[in-house]
Structure formats: structure tokens, C-alpha cells
Amino acid sequence: MSQSSAQWFRAGMLADSLGFYFSFVVVGGYLWSRFRSRGQARADMAVLAIVIYALLGIAGAVIQFATIDPLMAAHDSPDAAVRAGAESAWLAIVYATQRGLWWFEGPAMAIWALFTGSQLRGSGFKSWWLLVTAGLLYAAYFVTGGFGALEAMKLVEAVAVIILPLWLLVFGVALLRNRENIPPISLRASASRWQSLIHI
């Protein structure tokens, strides 16, 4: 990988963390504040699941972001053993990230998406089925990966990573269109809910 490609890779990992995973923390927190009164225990489990999802995703991206430059520097060494070690280390990091941290996003997103999708359906949001579909795909991604069906896993992942951002976009547009009918969030009430969740 060239130095230019490495910089683009690092930028991609940073954008993935800030632009994708953090957005689900914001959306998950917002929806938790709306739906907690309908099912406190399930809403709390769902918001914890989406936080775990974001942490797993960010951890994987940050590990690759932080290690690519020193490993590239080691790979430029004239010592063949050092180069081989750098290649092995990078391969191990990629597998640990993609087949470990990011693979375990499956159940976390499935729990959040299935609960949130059912609540959105009850609230009249037409895009609920997209989120439920994404949740089912993430569950299938986890199961196929667990059984070592890598080709099926890659196919399911490819569909899931299209549907989930699509839902986020459609939901955001629907939220903006209906903002006049949505009551404002009480910061004091939201803070008290977070405190009660922490002290469980």
C-alpha cells in the first residue's frame, strides 16, 4: 500500500467512526428518550445494544487507523524478517477486526433494530420495515459467520450495509417533515433517565 493509499485508508476509518457509528449513538439516544415510557426494560436493553454496536465498530476502525502507519514503516525495513512480521501483524489485526469486533456487531444491531423497528411501526413511521430488515440481516450475518459460511456472510453484509444507511436517511427525512408534530425533549427528564439507567 502506498503512503497516499494509507492516508485515504486512515481518512476512511475516521469517517466511518465519526460519520456512521457516532450517528447511531445520537439516533439511538433520541429514540430511547421517546420510547422508554412504553417499555422501560426493553428500551434500556436496546440503547445499551446500540452503544455496544458503536463501541465495537469504532474500536475496530481505530485499531486499524492507529496501526497502519507503524506497520507500513516496519514493512519498509530492509530486513526480510521484519517485513514478514509486519505483514503477519497486519493480517492478524484485520482478521481480529473484521471477524471479531465487527462480526459481533451483528447481535447488538439486531437487538436494537428489532425493538426500535417495532416501536417505529407503532408510531406510524413508514420506514420501520427497513430497520427491521436490517436487524434481521445483521442477525443472519452473525449466524453465517459463526458457522463459517463466509460467502453467505459477505453477501448478507453487503445488503445490510446498504439498507442500514438507507433507513437512516429515510428516517431523518421523515423526522424533519414531522418536526412540528414532535414535542421537544426535556433535557432535565433525559438526564434523569440516563442517571436511572446508570444506577440499574
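Residues numbered from 1 in each chain as written. Predicted model: local features only at pLDDT ≥ 70, side-chain atom pairs only at ≥ 80, totals over all residues. Heavy atoms only, no water.

We now examine the overall build of the protein. Secondary structure summary: the protein contains 7 helices and 0 strands in total. Across the 200 residues that make up the protein, the buried fraction comes to 38%. In the protein, of all internal contacts separated by at least 6 residues, the share reaching a separation of at least 24 is 76%. A total of about 11,300 Å² of accessible surface is found on the protein, and carbon and sulfur atoms cover 69% of it. (Helix = DSSP H or I, 4+ residues; strand = E, 2+ residues; numbered from the N terminus. Buried < 20%, exposed > 50% of the residue type's maximum accessible area, 1.4 Å probe, protein only. Contact = heavy atoms within 4.5 Å. Areas by Shrake-Rupley, 256 points an atom, 1.4 Å probe, with all protein chains shown as cover.)

What the rule picks out here adds up to 2 salt bridges. Here Arg10 and Asp69 are joined by a salt bridge, their closest N and O atoms 3.5 Å apart. Linking Arg10 in helix 1 (residues 3-35) with Asp69 in helix 2 (residues 40-75), this pair joins segments that are 59 residues apart in sequence. Owing to a relative accessible area of 27%, Asp69 belongs among the partly exposed residues under this scheme. The closest approach of N and O atoms between Asp44 and Arg36, which form a salt bridge, is 2.6 Å. A relative accessible area of 5% means that Asp44 is categorised as buried. The exposure class assigned to Arg36 is buried, which follows from its relative accessible area of 10%. (Salt bridge = Lys/Arg side-chain N within 4 Å of Asp/Glu carboxyl O.)

So, about helix 2. Over its 36 residues, helix 2 extends 52 Å from the first C-alpha to the last, a length consistent with the 52 Å expected when each residue adds 1.5 Å. When the local axis directions of helix 2 are compared, the greatest deviation, roughly 35°, occurs at Ile68, which is followed within four positions by the proline Pro70. (Expected span 1.5 Å × (residues − 1). Bend = angle between axes of the 7 residues up to and from the residue.)

Once that is clear, we can look at empty space enclosed by the protein. Within the structure shown, the criterion is met by 1 cavity of 30 Å³ or more. If you add up the space inside the largest cavity, you get close to 50 Å³. As for the largest cavity, its lining consists of Gly28, Leu31, Trp32, Phe35, Ala43, Ala46, Val47, Trp112, Phe115 and Thr116. Those elements that place two or more of their residues in the lining of the largest cavity are helix 1, helix 2 and helix 4 (105-122). Class assignment for the residues of the lining of the largest cavity results in 8 nonpolar, 2 polar and no charged. (1 Å grid on protein atoms, 1.4 Å probe; cavity = no way out; pocket = protein on both sides within 12 Å on 5 of 7 lines; lining within 4 Å. Points joined across faces, edges and corners; volume = space filled by probe spheres on them. Nonpolar A, V, L, I, M, F, W, Y, C, P; charged D, E, K, R; others polar.)

Turning our eyes to something else, we now look at the layout of surface pockets. In this model, the largest pocket occupies a volume close to 270 Å³. In this structure, the largest pocket is lined by 14 residues; those nearest its centre are Tyr21, Trp102, Glu105, Glu157 and Val161. Mapped onto the lining of the largest pocket, the elements with two or more residues apiece are helix 1, helix 3 (80-101), helix 5 (128-146) and helix 6 (150-177). Ranked by residue count, the leading element in the lining of the largest pocket is helix 6, at 4 residues. By residue class, the composition of the lining of the largest pocket is 9 nonpolar, 1 polar and 4 charged.

All right, on to the packing of aromatic side chains then. This model, assessed by the stated rule, comprises 13 aromatic pairs. Ring plane angle 55° and centroid distance 5.4 Å describe the contact between Tyr21 and Tyr53, whose orientation is recorded as tilted. Taken together, the residues Tyr21 in helix 1 and Tyr53 in helix 2 connect sequence positions 32 residues apart. Plain terms: the ring middles of Phe24 and Trp112 are 6.0 Å apart, the flat faces sit at 90° to each other, and that makes the pair edge-to-face. Of the two residues, Phe24 is situated in helix 1 and Trp112 in helix 4; the sequence distance between them amounts to 88 residues. On the accessibility criterion, Trp112 (2% relative accessible area) is buried. Each residue in the set Phe20, Tyr21, Phe24, Tyr53, Trp112, Phe125, Tyr138, Trp167 and Phe171 is aromatic and connected to the rest through ring pairs, giving one cluster. (Phe/Tyr/Trp six-rings, centres within 6.5 Å; stacked < 30°, edge-to-face > 60°.)

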